[in-house]
Amino acid sequence: MTKELLKQVRVIDPVQQMDELADVLIIDGYIQTIAPQITDFSSNTAIRDCHGLVLGAGLVDLYSHSGEPGFEERETLSSLLQAAIAGGFTRIGVLPDTSPTIDQPALVTQLQQQRNRQKPSPHLHIWGAITVDVAGKQLTEVADLASAGVVGFTDGKPWENLAIVRRVLEYLQPLGKPVAFWPCDRHLTGNGKMREGAEALRIGLPPIPVSAETTAIAALLELVADIGTPVHIMRVSTARSVELIAQAKAQGLPITASTTWMHLLLDTTSIKSYHTSLHLDPPLGNNQDMLFLRNGVKTGVIDAIAIDHTAYTYEEKAQAFAESPPGTIGLELALPLLWHHLVATGEFTALELWRSLCHQPAACLHQEIPAIQPGAKAELTLFDPQQTWNVNKATLQTLSHNTPWFGQEITGRVVQTWCNCYSIKQEGRGSGSDPFHFPQQKSLTNRG
């Protein structure tokens with residue numbers, strides 16, 4: 001029998017609107033007691049002094065990328081799951097853009113069996129592909145994928161044909177599964193690499209207009225209004241998009257939305273370093289975009305923060321900014337950096353951040369995170385907001401290191417995670433530099 005007593009930990013639970021100090025007793029993977037002081041416990045109980053530490057429900061990532069199958073040199077399923085646990089995520093969604101694409105029930109079963117062999121590991125939520133061919137004209141056998149246990153349906157890429165989107169909404173409505181779209185008009189994007197505006201002119205990279213996202217969102221909202229199938233809008237990145245989504249929700253349309261953690265932390269001014277890990281798709285927004293996204297998350301217009309963890313090898317990212325593949329890792333970095341720059345500064349409350357990283361992503365997946373109370377299964381994350389550590393190969397679980405914070409010191413670290421009746425400790429310290437100072441890369445090498 002495993003017994004753990006967390007003494008004077010800060011318990012954060014948006015379900016109960018709880019943010020208070022308490023003692024928490026966990027026995028064999030279940031919460032036994034929560035009280036201001038627990039003095040009645042057996043001699044074989046492991047006691048941890050948790051002054052200054054934060055305890056919340058395990059985090060939930062809506063969507064990230066697994067290198068496996070097909071790109072195991074970037075990330076294996078095992079390393080992805082280990083990175084998730086190290087970052088405090090007890091549930092993680094995997095997009096279907098593997099090789100082969102997750103469009104067959106057999107592959108869903110194979111990945112789940114592989115996950116089951118790895119203990120401990122977070123819950124794996126697999127998104128099933130909507131279309132099976134490159135042109136995006138043929139639908140997958142969605143009913144078979146639903147029976148195989150996919151969490152929902154998405155291609156995780158912009159659509160090619162609105163008629164297909166309409167047909168998808170009609171076909172998927174009876175299944176009751178989440179369906180997610182990334183609204184982006186590739187004709188308007190063109191060869192753009194960063195958000196249009198003064199910074200794009202100064203930096204010298206081809207611009208992407210705001211309308212590449214907003215026109216696609218407007219078209220999707222019209223289809224949702226017509227057909228009525230609930231939709232999740234992925235990767236929201238502009239201020240105008242937040243306004244459109246707010247208007248649609250006020251009209252009662254059945255939509256949810258998410259942005260990524262990087263779009264809440266950084267804007268186009270960071271790209272002056274030409275660091276290829278800042279090459280994202282959709283691109284980082286202007287300062288107004290970032291502020292609107294933050295307010296959207298606080299007010300609930302943007303339901304959830306997604307990590308969109310995208311691993312690439314050093315060789316893939318070590319090229320000119322414009323030629324590098326877009327994407328960055330984040331499972332182990334998101335909570336520390338969001339807490340340090342949003343909660344510690346007073347812009348977000350701890351409850352607001354935890355809700356958008358845990359309970360709201362779960363709701364977007366039609367799931368519910370139980371309250372932290374006696375009798376509940378221990379699916380928990382213990383976080384030290386003050387611990388500093390250096391982001392390097394020795395401290396990261398992910399195989400790839402495409403992040404602008406690589407080699408730098410950041411503040412805040414997950415120190416323990418409870419998942420599937422396992423307790424996993426992640427301890428350690430490091431040293432480094434300013435967490436928002438990105439190493440300048442040679443402009444001639446990184447200009448597009």
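This text goes with the structure placed above it.
Below: a short report on this structure. As the structure is a computational prediction, the values presented were derived from the model and not from experiment. (Residues numbered from 1 in each chain as written. Predicted model: local features only at pLDDT ≥ 70, side-chain atom pairs only at ≥ 80, totals over all residues. Heavy atoms only, no water.)

### Brief notes about the overall build of the protein chain
- For the protein chain, the helix and strand inventory stands at 14 helices and 18 strands.
- A globule of 448 residues ought to have a C-alpha radius of gyration of about 22 Å, and the protein chain, at 21 Å, matches this closely.
- Here the C-alpha coordinates of the protein chain stretch approximately 65 × 50 × 40 Å along the principal axes.
- When the 448 residues of the protein chain are sorted by exposure, 59% land in the buried category.
- Between the averaged position of the 33 positive side-chain charges in the protein chain and that of its 45 negative side-chain charges there is a distance of 2 Å. (Helix = DSSP H or I, 4+ residues; strand = E, 2+ residues; numbered from the N terminus. Rg over C-alpha atoms; globule rule 2.2 N^0.38 Å. Buried < 20%, exposed > 50% of the residue type's maximum accessible area, 1.4 Å probe, protein only. Lys, Arg positive; Asp, Glu negative; His and termini not counted. Charge placed at Lys NZ, Arg CZ, Asp CG, Glu CD.)

### Focus on the pattern of salt bridges
- If you walk through the whole model with that rule in mind, you get 13 salt bridges.
- Here Asp308 makes a salt bridge to Arg235, at a shortest N to O gap of 2.7 Å. Here Asp308 is found in the loop between β15 (304–306) and α11 (314–317), whereas its partner Arg235 is found in the loop between β13 (231–233) and α8 (239–250), with 73 residues between them in sequence. Residues Asp308 and Arg235 agree in their burial class; the two are buried.
- With a closest N to O distance of 2.9 Å, Glu347 and Arg294 form a salt bridge. On the criterion of sequence distance, the pair formed by Glu347 in the loop between α12 (334–343) and α13 (350–364) and Arg294 in helix α10 (residues 287–299) is long-range, its members being 53 residues apart.
- On the accessibility criterion, Glu347 (30% relative accessible area) is partly exposed.
- A relative accessible area of 9% means that Arg294 is categorised as buried. (Salt bridge = Lys/Arg side-chain N within 4 Å of Asp/Glu carboxyl O.)

### Observations regarding the packing of α12 against α13
- α13 packs onto α12 with a crossing angle of 145 degrees between their chain directions and a minimal axis gap of 10 Å. Seen along the crossing, α12 lies across α13 with a hand that is right-handed. Together, Leu335, Leu338, Trp339 and Val343 of α12 and Ala350, Leu353, Trp354 and Leu357 of α13 make up the contact between the two elements.
- Residue composition of the contact of α12 with α13, by class: 8 nonpolar, no polar and no charged. (Axes fitted to C-alpha atoms, helices over the stretch in contact; angles between N-to-C directions. Left-handed = near helix turned anticlockwise from the far one by under 90°. Contact = heavy atoms within 4.5 Å. Nonpolar A, V, L, I, M, F, W, Y, C, P; charged D, E, K, R; others polar.)

### Considering the nonpolar core
- Grouped together as the largest cluster of nonpolar side chains are 112 residues, with contacts concentrated most on Phe181, Ile233, Trp261, Leu338, Trp339, Leu353 and Trp354.
- At 8 residues, α13 tops the list of elements feeding residues into this core.
- Beyond its immediate stretch of four places on either side in the chain, Ile233 contacts Phe181, Pro183, Ile217, Leu220, Leu221, Ile245, Ile255, Thr256, Ala257 and Ser258.
- If you look at the next biggest cluster of nonpolar residues, it comprises 18 residues, including Val9, Leu53, Ala376 and Leu380. (Core = buried A, V, L, I, M, F, W, Y, C linked by side-chain atoms within 4.5 Å.)

### What about the state of the cysteines?
- Considering all chains together, one arrives at 0 disulfides under this definition.
- The cysteine Cys419 is free of any disulfide, with Cys421 supplying the nearest cysteine sulfur at 9.2 Å. (Disulfide = S-S within 2.5 Å.)

### Focus on the packing of aromatic side chains
- Applying the stated rule across the entire model yields 4 aromatic pairs.
- Seen in terms of ring centroids, Trp159 and Phe181 are 5.9 Å apart; in terms of plane orientation they differ by 80 degrees. Their pairing is edge-to-face. Remark: Phe181 occurs in strand β10 (residues 180–181) and Trp159 occurs in the loop between β9 (152–153) and α4 (162–172); sequence separation between them is 22 residues. Across this residue pair, the class does not change: Trp159 and Phe181 are buried.
- Here the aromatic cluster, defined as three or more aromatic residues joined through ring pairs, consists of Trp339, Trp354 and Phe383.
- Of note, Arg74 hangs over the ring of Phe71, and the distance from its end group to the ring centre comes to 4.2 Å.
- Above the face of the Tyr171 ring, Arg167 is positioned so that its terminal group lies 5.9 Å from the ring centre. (Phe/Tyr/Trp six-rings, centres within 6.5 Å; stacked < 30°, edge-to-face > 60°. Lys NZ or Arg CZ within 6 Å of the ring centre and 35° of its normal.)

### Regarding unusual backbone geometry
- At the junction of Glu68 and Pro69, the peptide bond is cis and its omega measures out at 5 degrees in the coordinates.
- Take Pro69: it is sitting in the loop between β6 (59–64) and α1 (77–86).
- Note that the residue after Lys119, namely Pro120, is joined by a cis bond; omega there is 0 degrees.
- Secondary-structure assignment places Pro120 in the loop between α2 (105–117) and β8 (123–128).
- Unusually for a residue other than glycine, Asn420 sits at a positive phi of about 55 degrees.
- Counting through the fold element by element, Asn420 comes out in the loop between β17 (409–419) and β18 (422–425).

### Focus on α8
- With 12 residues, α8 should reach 16 Å at 1.5 Å per residue; the first-to-last C-alpha distance of 17 Å fits that figure.
- Every buried residue of α8 is listed here: Ala239, Ser241, Val242, Leu244, Ile245 and Ala248. (Expected span 1.5 Å × (residues − 1).)

### Some points on the sheet that holds β9
- Pairing within the open sheet is parallel, and its 4 strands lie in the order β6-β7-β8-β9. Only two strands of the sheet have a single partner each, and these edge strands are β6 and β9. (Pairing = 2+ DSSP bridges.)

### Some words on the pairing of strand β16 (residues 380–390)
- A large share of β16 lies buried, amounting to 9 of its 11 residues.
- Relative to β16, strand β5 (residues 54–57) runs antiparallel, the two being bridged by 4 bridges. Looking at β16, one finds that Leu55 is bridged to Leu382.
- Note: β16 against β17, 8 bridges, orientation antiparallel. Opposite Leu382, over in β17, you have Gln416 as the bridge partner.

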